[in-house]
Structure formats: structure tokens, C-alpha cells
Amino acid sequence: MIQKTINIKDLRQLSPGVLVPDLAFPAAGLLSDSLDRPLRDLRISVTDRCNFRCSYCMPSEVFNKDYAFLPQTSLLSFEEIARLARIFIAHGVEKIRLTGGEPLLRKNLEVLIEMLASMTTVAGKPLDITLTTNASLLAKKAQSLKDAGLQRVTVSLDAMDDTIFRHMNDVDFPVADVLHGIEVANKVGLLPIKINMVVKRGTNDQEIVPMARHFRHSGNVLRFIEYMDVGATNGWRMDEVLPSAQVIERINAEFPVAAIDANYLGETAERWRYADGGGEIGVISSVTQAFCSDCNRARLSTEGKLFLCLFASQGHDLRSLLRGDHRAKFSDEQISSAIAHIWHKRDDRYSELRAKLPPDTQIGDGKKRVEMSYIGG
Ligand code: SAM
Ligand code: SF4
Ligand code: SF4
């Protein structure tokens, strides 16, 4: 058997010091970056651990028994997350997505959801709270998540075929259990449910039509995601990316679809509707059609670093401000000003720049990018 060795650098410790400006920058509900993009969407990774080993995200060769996951003391506590969430909301965040790793592995997550569910946006509307999960624990937790105030979930599922799915999650997890999780989530009303399928050419692209067939008329929105070159360990190759245009072609040949308008500016998925009223699907073309110009997303890593782009190699250490690691602890106003300062300077647009280059070109040193399981998808 051929052993695959992937050398990676541990970049989790790398983080520039966060500048707390002398001049206070009071939150006014709108923060624009250097490319005039507002901050609206915050993705919070609540754990870097996962019980799956999807090859495109946490390949088992790297994330094995010797891998050093973050110690418990490094993780932001729920109180710390809630404090930062309040500050981000005052700057205009309207939507929070809990992610990971596998977020349902974080103990008592319902407590955090309750804290977030009590918050409102600057406009006084309820915060849009959602969670992305592999659904392995969803059947067990759906009711308590709903009771805590979670509105909806996104479930990742890459195939209907049990053999292909077990191979892709690399822990022999059966499709039937994910489908049961989705069924329970539907029953308790975690709606609308979105189903994310990462399409890897040559691995699961034959599952596109069976997945479409299964979720048509279910009320759940299936979304096909182009396999992305995130992180430094998945051995990404352009020839394994199936462009979304081809996904749509294959579905259209079986079940005719027509394009529909986006729900809001900055929506990552392009929406399509079955002509026969079978519902809606989406495609997320992160590789072939960059959507950086509307990117209003910030990511908070498990240990409290703020990342401005999925492809960043460094985050801004907000936890040190919360805990006063090197100096005195900072006030909410000071942390708020620091976040404003960071966002004002943001000029990230990795996918847009890469799209202008020949296929297979990566910008910067691909080995320096942090993993998606660490900053959250
Ligand atoms: N464990 C949860 C799950 O799988 O739903 C949440 C975290 S996971 C990192 C979030 C999303 O990122 C999932 O829908 C996953 O399929 C997607 N993802 C991970 N690696 C990816 C890659 N290389 N390309 C595209 N999507 C990816
Ligand atoms: Fe785990 Fe989600 Fe990554 Fe799969 S995609 S390894 S389920 S974090
Ligand atoms: Fe946003 Fe970065 Fe993705 Fe562009 S590449 S859409 S800036 S996360």
C-alpha cells in the first residue's frame, strides 16, 4: 500500500498582534472594508475536532491520533463568544453560523445558542442563527437545539450511495443515519434545511442526479459546492473540480431547471428552481466564479482569532484582548474599535485574484493556509 505523507506547518499560533486604536470607533451598525464591503455574516467555529475524516477537509493521514487538537483552555468559552458576538452585532452582523469541526461535538452547545438567541440586530430584528453539521448527532440533538432558539440547520451530505459516502467520510458512517438526522430536523422545524454536497470529480460526481432526485419535493434545498483549495492538506487539484455549470447541465438534462434571483446581496449560492415545481437547488461556485466583491463574511476561529478570508494564513488574536494575556484586559469599546480597525483595512479577495490566473495556480504559499476545520466553513 502506498503511504501518503503530507507535510504541514502548524500555523495556528501565528497571529499578528491586534492593534487597539487610541481613537475610539463607536459601533454604528455599518462597517465597510477597503473594498466597500459591509460586515454582515459571522461564522464561529466552536471546535476544531470532528468525528468524520472527509478527505477534502480533514484527511486521516494528517488528522490522525498524533494530531494535536487545541487544548480545552484555548477554546473561547461561551461567555467569551457571546461577548464578541454582541460587539460584532453592534457593527452590523445580522447572521451567525455555528460551525467547526463538527459543532455538535461541543458540549452544551445549546447554552451558547440560548445566549445568541436572546440578541437582536441593530435594526431590532432577531438574529439569524444557523449551524452547519455532518448530522451524525442531529437526530439526538435537533429538539434541544430548536428549544434553545436555533432557527435552521445546514447538513453536509456528499452521496446517496452508502459505499461512496462511507468512503468519503472515511469513518464508515452510513447515509441512513444522516438521512434520519435530516428527517428529525424537519420534524422539529429547523427550517428551511439546506443540504451541502461537495462535488469532487471522479469521486462523487455520479451522485449529483441521485441526490437531486432524493431531495426534490422535500422542501429541503440541495446545494452543490465546488471542491475548494482551502487549507493545506487536502491535496487539491483543479482537475477534481467539477464546474457548477456542468452540475446544472447534468441536472437540467434529467429535471429541467431555471435560474432565479438571489435572496440578498452577498448570497454565496446561485439559485435554480425545478420547472415542475419540485423545489429549489443552489450551486456555490467558489472556484469557477469568484464572489469576493460581495463577501461580507468574517470568521472567528475556535481559539478566538478573527479571519477575514477563508484562504487567509493569519488571524487576528481577539482572545488576547478578552483575556488580557499580555496587558490589562480591554473594554468592549476598545475591542469594538480594534475590530473596526481590522475590518476597515480588509482587502482580501483570494478567489477573484486566483480566477484571473491560469487553472491550478494558487496565490501565495498554499502550505501556509489554515485548515477549514479550524476556522470554520
Ligand atoms: N462538520 C460540519 C459539516 O461538515 O457540515 C461543519 C464544518 S465543515 C468545515 C463546513 C462545510 O465546509 C461543509 O459543508 C463541508 O462540506 C465544506 N467543506 C469542507 N472542505 C471543503 C472543501 N475543500 N471544498 C468545499 N467545501 C468544503
Ligand atoms: Fe468534519 Fe465537516 Fe470537515 Fe467533514 S467537512 S471532516 S464533517 S468538519
Ligand atoms: Fe470571501 Fe475570501 Fe472567499 Fe473571496 S475568497 S469570497 S474574500 S472568503
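That block above? That's the structure.
Residues numbered from 1 in each chain as written. Chains lettered and ligands numbered in written order. Predicted model: local features only at pLDDT ≥ 70, side-chain atom pairs only at ≥ 80, totals over all residues. Heavy atoms only, no water.

## Topic: the nonpolar core
Right, so step 1: Core analysis: the largest hydrophobic core is formed by 115 residues, its most contacted members being Leu98, Phe224 and Ile251.
Right, so step 2: Among the elements that line this core, the one with the most residues is helix α1 (residues 78–90), at 8 residues.
Right, so step 3: Apart from the residues lying within four places of it in its own chain, the contact partners of leucine 98 are Ile44, Val46, Pro103, Leu109, Leu112, Ile113, Leu116, Thr130, Leu131 and Thr132. (Core = buried A, V, L, I, M, F, W, Y, C linked by side-chain atoms within 4.5 Å. Buried < 20%, exposed > 50% of the residue type's maximum accessible area, 1.4 Å probe, protein only. Helix = DSSP H or I, 4+ residues; strand = E, 2+ residues; numbered from the N terminus. Contact = heavy atoms within 4.5 Å.)

## Some points on the site of ligand 1
Right, so step 1: Around ligand 1 sit 20 residues in total, of which Tyr56, Gly101, Ser156, Met228 and Met372 are the nearest.
Right, so step 2: Within the backbone of threonine 133, one N or O atom sits 3.3 Å away from an oxygen atom of ligand 1.
Right, so step 3: Here a nitrogen atom of ligand 1 and a backbone polar atom of methionine 228 are 2.9 Å apart.
Right, so step 4: In the complex, 95% of the free accessible area of ligand 1, which totals 550 Å², lies under the protein chains.
Right, so step 5: Classifying every residue of the shell around ligand 1 by side-chain character gives 8 nonpolar, 10 polar and 2 charged. (Near = heavy atom within 4 Å. Polar contact = N/O pair within 3.5 Å; in protein donor to acceptor, adjacent residues only side chain to side chain. Areas by Shrake-Rupley, 256 points an atom, 1.4 Å probe, with all protein chains shown as cover. Nonpolar A, V, L, I, M, F, W, Y, C, P; charged D, E, K, R; others polar.)

## Remarks on the sheet that holds strand β8 (residues 270–274)
Right, so step 1: Reading across from one edge, β7-β8-β9-β6-β5-β4-β3-β2-β1-β10-β11-β12 is the order of the 12 strands in this open sheet, with mixed pairing throughout. Edge positions in the sheet fall to β7 (257–260) and β12 (316–317), since each of these pairs with one other strand and no more.
Right, so step 2: Two elements, strand β3 (residues 128–133) and strand β4 (residues 152–156), share 4 bridges in a ladder whose sense is parallel. Looking at β4, one finds that threonine 130 is bridged to arginine 152.
Right, so step 3: The sheet contacts of helix α6 (residues 208–215) involve β5 (194–199), β6 (221–226) and β8, and relative to β5 the element is tilted by about 175 degrees.
Right, so step 4: Most of the contacts of helix α7 (residues 244–254) go to strand β9 (residues 280–284), to which it runs at about 155 degrees, and overall it touches β6, β7, β8 and β9. (Pairing = 2+ DSSP bridges. Axes fitted to C-alpha atoms, helices over the stretch in contact; angles between N-to-C directions.)

## So, unusual backbone geometry
Right, so step 1: Cis peptide bonds are those with omega within 30 degrees of zero, and the linkage from leucine 191 to proline 192 qualifies with -5 degrees.
Right, so step 2: Positionally, proline 192 belongs in the loop between α5 (175–188) and β5.
Right, so step 3: Unlike most non-glycine residues, aspartate 170 shows phi in positive territory, near 60 degrees.
Right, so step 4: Checked against the element boundaries, aspartate 170 lands in the loop between α4 (162–169) and α5.
Right, so step 5: In this structure aspartate 170 comes out as partly exposed when scored by relative accessible area, which is 40%.

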